[in-house]
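Spelled out, the chains give:
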Amino acid sequence: PNSAEAHNNLGRVLVLKGDLDQAIVHFQKALEAVPDSASVRANLGQALASSGRVLTLKGSFDEAIQQFRSALEATPDSAEAHNGLAVALVRKGRLDEAVVHFEKAVALKPDFAEPYFNLGDTLFYLEGKAPEALVAWRAVLRIDPDHVAVLNQTAWVLATSPDASLRDGAQA
């Protein structure tokens, strides 16, 4: 009952079964027994981040924000948790805070396209910052040159921007 290894293993099985709430409980029990275990801390952080993504999809943004913050307490260097937190923050209209977490995500994992994509969308669609959005979207294209959504968005901005310094029909 107090075996860190047993709780950690049970948590991993529960994650595979999709029972994130119970998995988190078991990872927390394992961490109580071995507080310095990097693998248990990583498992807990991943389960919390997964729970945050599920909550975001369900529209439970306040709960998602709490789960992502807990994930970051367990694994502060998780680019995925920073990105997930930022997405939930955008949904709550907390754009400045979201941008900080998108930027942390890309600083931690520069080859992770998703936060660049999300940052570009946030900057363009919610803040009207086309030049900054293009920088983020171009970063996505360096990682994934065939990213259809970004190719379309970038072409549209380059072809139709009211800002002449951004318009470039040939590049669009």
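Chains are numbered independently. Their residues run from 1 in the order of the written sequence. Per-residue local features of the predicted model are confined to residues with pLDDT of at least 70, and side-chain atom pairs are confined, for both listing and counting, to 80 or more; whole-chain, interface and lining totals are unaffected and use all residues. Excluding hydrogens and water, the side-chain values take into account all heavy atoms of the structure.

A. Structural context of the overall build of the chain. Assigned secondary structure in the chain consists of 9 helices and 0 strands. Elements are defined by DSSP. Helices are runs of H or I of four residues or more, strands are runs of E of two residues or more, and each kind is numbered from the N terminus. Written out in order from the N terminus, the α and β elements of the chain read α-α-α-α-α-α-α-α-α. A residue counts as positive if it is Lys or Arg and as negative if it is Asp or Glu; His and the chain ends are not included. For charged residues, the charge sits on one atom: NZ in Lys, CZ in Arg, CG in Asp, CD in Glu. Averaging the positions of the 16 positive and the 22 negative side-chain charges in the chain gives two centres separated by 3 Å.

B. Region of interest: helix H8 (residues 130-143). Here a helix's expected span is defined as the number of its residues, less one, multiplied by 1.5 Å. In this model H8 runs 20 Å from its N-terminal to its C-terminal C-alpha over 14 residues, within 8% of the 20 Å that 1.5 Å per residue would give. Taken together, the buried positions of H8 are Ala130, Ala133, Leu134, Ala136, Trp137, Ala139, Val140 and Leu141. In this description, contact between two residues means that some pair of their heavy atoms is separated by no more than 4.5 Å. Where H8 is buried, its residues contact helix H7 (113-126) and helix H9 (148-160). Remark: exposure states derive from per-residue accessible area (1.4 Å probe, protein chains only) relative to the maximum for the residue type, with buried under 20%, exposed over 50%, and partly exposed in between.

C. Fine view of the nonpolar core. Buried residues of nine kinds, namely Ala, Val, Leu, Ile, Met, Phe, Trp, Tyr and Cys, make up a nonpolar core once their side-chain atoms join them within 4.5 Å. Core analysis: the largest hydrophobic core is formed by 48 residues, its most contacted members being Leu44 and Trp137. For this core, the leading source of residues is H8, giving 8 residues. Look past the residues within four positions of tryptophan 137 in its chain and what remains in contact with it is Tyr116, Phe117, Gly120, Asp121, Phe124, Tyr125, Val150, Gln153, Thr154 and Val157.

D. Expanded view of the pattern of salt bridges. Put simply, a salt bridge is a Lys or Arg side-chain nitrogen that is within 4 Å of an Asp or Glu carboxyl oxygen. All chains considered together, the criterion is met by 5 salt bridges. For the salt bridge of glutamate 97 with arginine 69, the shortest nitrogen-to-oxygen distance reads 2.4 Å. Taken together, the positions of glutamate 97 in helix H6 (residues 95-108) and arginine 69 in helix H4 (residues 61-74) put the pair 28 residues apart, joining distant regions of the chain. A residue is classified by how much of its surface remains accessible, and glutamate 97, at 26% relative accessible area, is partly exposed. With its nearest N and O atoms 2.5 Å apart, the salt bridge here joins lysine 109 to glutamate 80. One end of the pair, lysine 109, is in the loop between H6 and H7; the other, glutamate 80, is in helix H5 (residues 79-91), with 29 residues separating them in the sequence. Its relative accessible area of 31% is what places glutamate 80 among the partly exposed residues.

E. Focus on H4. For H4, spanning 14 residues, the distance from its first C-alpha to its last is 20 Å, which sits close to the expected 20 Å at 1.5 Å a residue. Within H4, the full set of buried residues consists of Phe61, Ala64, Ile65, Gln67, Phe68, Ala71, Leu72 and Ala74. Contacts from the buried residues of H4 go to helix H2 (20-33), helix H3 (38-57), H5 and H6.

F. Seen up close, the packing of H7 against H8. Comment: axis = line fitted to C-alpha atoms, over the contacting stretch for helices; angle = value between 0 and 180 degrees taken between N-to-C directions. With their axes 8 Å apart at the nearest point, H7 and H8 run at an angle of 160° to one another. By the criterion of interaxial angle, the relationship of H7 to H8 is roughly antiparallel. Where H7 crosses over H8, the handedness of that crossing is left-handed. Together, Ala113, Tyr116, Phe117, Leu119, Gly120, Asp121, Leu123, Phe124 and Tyr125 of H7 and Ala130, Glu132, Ala133, Ala136, Trp137, Ala139, Val140 and Ile143 of H8 make up the contact between the two elements. Note on residue classes: Ala, Val, Leu, Ile, Met, Phe, Trp, Tyr, Cys and Pro are nonpolar, Asp, Glu, Lys and Arg are charged, and everything else, Gly too, is polar. Here the contact of H7 with H8 is built from residues that sort into 14 nonpolar, 1 polar and 2 charged. Convention used here: angles under 35 degrees read as roughly parallel, angles over 145 as roughly antiparallel, angles from 65 to 115 as roughly perpendicular, and any remaining angle as oblique. Should the near helix be turned anticlockwise from the far one by less than a right angle, the crossing is termed left-handed; should it be turned clockwise, right-handed.

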